Amino acid sequence: MPKGGRRVRADGVILGLAHNTADVAEFLRRAGLEIDPAEVAGAPWIDWRGGDPECWGPEAGG
């Protein structure tokens with residue numbers, strides 16, 4: 001089982017625990033927000049907390 005990860009939230013609701021940008025894109029898609037996984041890291045409306053979009057370990061605060 002992967003360690004770390006990052007919580008994905010939309011409007012204060014936790015959508016899931018992502019381990020990569022593809023996971024973030026999938027959680028957002030399920031919430032009705034379409035985004036290409038390749039564009040997740042650069043999306044200006046995503047607030048990355050606990051590190052940049054390349055940080056997925058325990059230090060990211062998942």
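Check the entry above for the structure.
Structural notes, computed from the coordinates.

Comments concerning the overall build of the protein
1) Next: What the protein contains, in helices and strands, is one helix and two strands.
2) Next: Tracing the protein from N to C terminus, the helices and strands come up as β-β-α.
3) Next: Its C-alpha atoms give the protein a radius of gyration of 11 Å, within 12% of the compact-globule value 11 Å for 62 residues.
4) Next: Along the longest, intermediate and shortest principal axes, the C-alpha atoms of the protein span 30 × 20 × 20 Å.
5) Next: The burial tally for the protein puts 31% of its 62 residues in the buried class.
6) Next: Contacts spanning at least 24 positions in sequence make up 38% of the contacts within the protein whose residues lie at least 6 apart.

Focus: the pairing of strand β2 (residues 13-18)
1) Next: Bridging between strand β1 (residues 6-10) and β2 involves five bridges; their strand directions are antiparallel. Among the inter-strand pairings, valine 8 is bridged to a residue of β2, identified as glycine 16.

A closer look at the nonpolar core
1) Next: Residues Val8, Ala18, Val24, Ala25, Phe27, Leu28, Ile35, Val40, Ala43, Ile46 and Trp56 constitute the largest nonpolar core, which totals eleven residues.
2) Next: In terms of residue count, the dominant contributor to this core is helix α1 (residues 21-30) (four residues).

Concerning the packing of aromatic side chains
1) Next: If you walk through the whole model with that rule in mind, you get one aromatic pair.
2) Next: Arranged with centres 6.1 Å apart and planes meeting at 85 degrees, the rings of tryptophan 48 and tryptophan 56 form a pair that is edge-to-face.
3) Next: Note on tryptophan 56: relative accessible area 15%, which makes it buried.
4) Next: Sitting over the ring of tryptophan 56, arginine 6 keeps its end group 5.7 Å from the ring centre.

Structural notes on the pairing of β1
1) Next: Residues of β1 alternate between two faces, with Arg6, Val8 and Ala10 buried on one and Arg7 and Arg9 left unburied on the opposite face.
2) Next: Linking β1 to β2, which pair antiparallel, is a turn of two residues; within it aspartate 11 sits at a positive phi near 55 degrees.

The rules behind these values
Residues numbered from 1 in each chain as written. Predicted model: local features only at pLDDT ≥ 70, side-chain atom pairs only at ≥ 80, totals over all residues. Heavy atoms only, no water. Helix = DSSP H or I, 4+ residues; strand = E, 2+ residues; numbered from the N terminus. Rg over C-alpha atoms; globule rule 2.2 N^0.38 Å. Buried < 20%, exposed > 50% of the residue type's maximum accessible area, 1.4 Å probe, protein only. Contact = heavy atoms within 4.5 Å. Pairing = 2+ DSSP bridges. Core = buried A, V, L, I, M, F, W, Y, C linked by side-chain atoms within 4.5 Å. Phe/Tyr/Trp six-rings, centres within 6.5 Å; stacked < 30°, edge-to-face > 60°. Lys NZ or Arg CZ within 6 Å of the ring centre and 35° of its normal.

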